[in-house]
Amino acid sequence: MRTFLTSRALPVRHVRLYLGIFAYGFSIAMMLRGQLGSAPWDVLGQGASRLSGLSFGVTTILVSIVVLLLWIPLRQRPGWGTVANALLVGVFADVGLVILPKPEELLWQILLFTGGLLLLALATALYIGAGMGPGPRDGLMTGLVRVTGKPVWMIRTGLELSLVAAGWAMGGLAGIGTLVFALTIGPLIQLAVRILYADLEPQRRPRPEEDVSASQPPG
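So, how was this worked out
Residues numbered from 1 in each chain as written. Predicted model: local features only at pLDDT ≥ 70, side-chain atom pairs only at ≥ 80, totals over all residues. Heavy atoms only, no water. Axes fitted to C-alpha atoms, helices over the stretch in contact; angles between N-to-C directions. Helix = DSSP H or I, 4+ residues; strand = E, 2+ residues; numbered from the N terminus. Parallel < 35°, antiparallel > 145°, perpendicular 65-115°, else oblique. Left-handed = near helix turned anticlockwise from the far one by under 90°. Contact = heavy atoms within 4.5 Å. Nonpolar A, V, L, I, M, F, W, Y, C, P; charged D, E, K, R; others polar. Phe/Tyr/Trp six-rings, centres within 6.5 Å; stacked < 30°, edge-to-face > 60°. Buried < 20%, exposed > 50% of the residue type's maximum accessible area, 1.4 Å probe, protein only. Lys NZ or Arg CZ within 6 Å of the ring centre and 35° of its normal.

> What is the right way to look at the packing of helix 2 (residues 10-34) against helix 5 (residues 80-99) in this model?
Axes are the key here: two packed helices are described by the angle between their axes and the distance separating the axes. Contact geometry for helix 2 and helix 5: axes closest at 7 Å, N-to-C directions at 45°. When the interaxial angle is binned, helix 2 and helix 5 end up oblique. In this structure, helix 2 crosses over helix 5, and the sense of that crossing is right-handed. Note on element contacts: helix 5 touches helix 2 through Trp80, Gly81, Ala84, Asn85, Leu88, Val89, Phe92, Ala93, Gly96, Leu97 and Ile99, opposite His14, Leu17, Tyr18, Ile21, Phe22, Tyr24, Gly25, Phe26, Ile28, Ala29, Leu32 and Arg33. Of the residues assigned to the contact of helix 2 with helix 5, the class counts are 17 nonpolar, 5 polar and 1 charged.

As structure tokens, this is what we get:
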């Protein structure tokens, strides 16, 4: 399993990328079906939609553009994974919403939300670790981790709390699940990165023609 997760073979990296993006989109659907609160980025999108009068979809696209502009001072480089994330996450989320039921019982809502939260953390580490470029929002996280030298959990938690505050101030809807997401997603991704041996700086990975041994994890 570790060989698969650290492989530099391009087909394996593509499998990791698309599997991670599918899991990411499906995890969003799980949390939405849980009905316990939106993820912080969605709270921001809802607030921007209410404030501007634009649709939620349009504001989500605009937020993504702004986030990509923030990559410039961080010297982050988009890759195919960045494009695939932007194009496919919403599609896979829609697939999940079609497949998953909308439970009324609180226990099932909690289980769906918790499962979605855990799956999102694993999915993030999985597709970032493919070394083909993070999604717009995760690229902001990895860029801040690289520039500041702070741990993943600290940067991600700070981002999530800031998003909730800004989105709520603009009229976005948040719930207990939003708070749980904001406080736990950072540490969960930190743990997932270790479990899946993910490299948070894929732009520094060697090219295929370079010595493969240089890409092997220490120890």
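Let us keep going from here.
> Please clarify how the packing of aromatic side chains should be interpreted in this entry.
Two aromatic rings are characterised by how far apart their centres lie and by the angle between their planes. Within the structure shown, the criterion is met by 3 aromatic pairs. For the pair phenylalanine 22 and phenylalanine 26, a centre-to-centre distance of 5.8 Å together with 25° between the ring planes defines the contact as stacked. Remark: phenylalanine 26 and phenylalanine 22 occur in helix 2; sequence separation between them is 4 residues, near one turn of the helix. For the ring pair tyrosine 24 and tyrosine 127, a centre distance of 5.8 Å and an interplane angle of 75° mean the geometry is edge-to-face. With tyrosine 24 in helix 2 and tyrosine 127 in helix 6 (residues 106-128), the pair connects residues that are 103 residues apart, well separated along the chain. Here tyrosine 24 and tyrosine 127 have matching classes, each one buried. Grouping aromatic residues by their ring pairs yields a cluster made of Phe22, Phe26 and Phe92. Over the ring of tryptophan 41 we find arginine 137, and its NZ or CZ is 5.0 Å from the ring centre.

By themselves, these figures tell us nothing about what the structure is for.
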